[in-house]
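Structural features, examined
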Amino acid sequence: MAEGLVNMSDQFKGLPMQDLIGGPLNAAVSANVKLAQATADFINTVGFTQVPVDKKPGEFTTGAARMLDFEFERPGIYVPEVSDKNPNPTPQRTIEEVKIRVPMLAVVPIPNLQVDTVDITFDMEVKSATSESSSTDMNASADVSAKIGWGPVSATVKIHGSVATHKENTRSSDNSAKYHVEVTASNHGTPEGLARVLDMMATAATPMDVNVAPLEAASKRDPKTGKLVDTKPVSPDGSHPSLT
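The structure presented is a predicted model; accordingly, all values stated were derived computationally and were not measured. Residue indices begin from 1 for each chain and proceed along its sequence in written order. A pLDDT threshold of at least 70 governs which residues receive local features in this predicted model, and a stricter bar of 80 or more applies before side-chain atom pairs are shown or counted, although totals over entire chains, interfaces and linings include all residues. Neither water nor hydrogens contribute to the side-chain values; these are computed over all heavy atoms in the structure.

Observations concerning the overall build of the chain
A run of DSSP states H or I qualifies as a helix once it reaches four residues; a run of E qualifies as a strand once it reaches two. Both are numbered from the N-terminal end. Helix and strand content of the chain: 2 helices and 11 strands. For the chain, buried positions account for 16% of its 244 residues. With the model as given, the accessible surface of the chain reaches about 17800 Å², and the carbon-plus-sulfur share is 56%. A 1.4 Å probe rolled over the protein chains alone gives each residue an accessible area, and that area as a share of the maximum for its type sets the label: buried under 20%, exposed over 50%, partly exposed in between. What sets the accessible areas is the Shrake-Rupley method with a 1.4 Å probe; for residues, cover comes only from the shown protein chains.

Observations regarding the sheet that holds strand S10 (residues 207-214)
Any two strands between which DSSP finds at least two bridges are classified as paired. One open sheet holds the 4 strands; their spatial order is S4-S5-S10-S11, and the pairing between them is antiparallel. A single partner strand is all that each edge strand has here, and the edge strands are strand S4 (67-78) and strand S11 (232-234). Each strand of the sheet is rotated relative to its neighbour by a mean of 30°, with strand direction disregarded. The angle between two axes is taken between their N-to-C directions and runs from 0 to 180 degrees, where each axis is a line fitted to C-alpha atoms and a helix contributes only its stretch in contact.

Describing the pattern of salt bridges
A carboxyl oxygen of Asp or Glu within 4 Å of a side-chain nitrogen of Lys or Arg is what we treat as a salt bridge. Overall, the coordinates contain 6 salt bridges when judged by the stated rule. For arginine 101, the salt bridge identified is with aspartate 69, shortest N-O distance 2.8 Å. Here aspartate 69 lies in strand S4 and arginine 101 lies in strand S5 (residues 92-103), a separation of 32 residues in the sequence. For aspartate 69, a relative accessible area of 56% translates into the label exposed. Arginine 221 serves as the salt-bridge partner of glutamate 73, at 2.7 Å between the closest nitrogen and oxygen. Of the two residues, glutamate 73 sits in strand S4 while arginine 221 sits in the loop between S10 and S11, which places them 148 residues apart along the sequence. Look at glutamate 73 and you get partly exposed, because its relative accessible area is 39%. Accessibility expressed as a relative area gives 34% for arginine 221, which makes it partly exposed.

Describing a nonpolar patch on the surface
Taken together, the side chains of Met17, Ile21 and Leu25 define a hydrophobic patch exposed on the protein surface, amounting to about 250 Å² of accessible area. Position of methionine 17 among the secondary structure elements: in helix H1 (residues 17-47). What makes a patch is a set of residues exposed beyond 30% relative accessible area and free of salt bridges, joined within 9 Å when like-charged and within 5 Å when nonpolar (Val, Leu, Ile, Met, Phe, Trp, Tyr).

Describing helix H2 (residues 192-203)
Spanning 12 residues, H2 covers 17 Å between terminal C-alpha atoms, matching the ideal 16 Å at 1.5 Å per step. Among all positions in H2, only Leu194, Leu198 and Met201 are buried. When H2 is viewed along its axis, its buried side chains cluster within an angular range of 55° and face the same direction. Across H2 from its buried face, at more than 90 degrees, point the exposed residues Glu192, Arg196, Asp199, Met200 and Thr203. The contact criterion used throughout is that any non-hydrogen atoms of two residues lie within 4.5 Å. Buried residues along H2 sit in contact with H1 and S5. Multiply 1.5 Å by the residue count of a helix minus one, and that product is the helix's expected span. The directions from the helix axis to the C-beta atoms form the arc being described.

Thoughts on H1
Taking 1.5 Å of rise per residue, 31 residues should cover 45 Å, and H1 covers 45 Å from first to last C-alpha, within 8% of that figure. Fitting axes to the seven residues ending at a residue and to the seven starting there, one defines the bend at that residue as the angle between these axes. The largest bend along H1 reaches roughly 30° and is located at glycine 23, with the proline proline 24 sitting one to four residues downstream. Residues of H1 that are buried include every one of Leu20, Gly22, Pro24, Ala28, Thr39, Ile43 and Gly47, and no others.

Remember, this is a structural readout, not a statement about activity or role.
Have a look at this one:
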């Protein structure tokens, strides 16, 4: 029987720890670079028009910001000007048609994903650290002789027998390993510099064109466009001229 004890430290020799640990970290760095590039591409493509470059087919440069035009109606109040003939004017209810131009980036969410944490878990389990081999040999033999006879006839008989057995048992080690990598990413919101730009864009989202009509005009609309008829322009700041 032979026995051999396996050194535990030998089980961990030769493991590529630099690749096992550094590989996922390098992948996380590369992922963050690609995510940042995706954010920049989204802002450039969605937020701005693409102008073809002269004499360079297939190439484009960033143009003006993309704008969205909104048109809607809202109720309003018109107060006539005070005059000698009308010292106490009565407010009138009106309907206003408002047009607004809003930058695209001010109304759409901007993706800004980043890898926050990288958890690396490596477990190696040694199920058996010994190797054992045993064998057993057994031999047995016997000689038997006998004399037989009847009357004047007799004889001697000799018998020889042997038995041999062989038995061998072997145990070997069984190693297993588990490698687990978990990556967590989240949206970090809008960067400070971009937030300030978006705030400036939001201030531009003010009415650029306002037309006002008496409330009775709600039943008088263009059958083709559905817009109010007999409207009069007013200042976007809310000051109304005379409706009469």
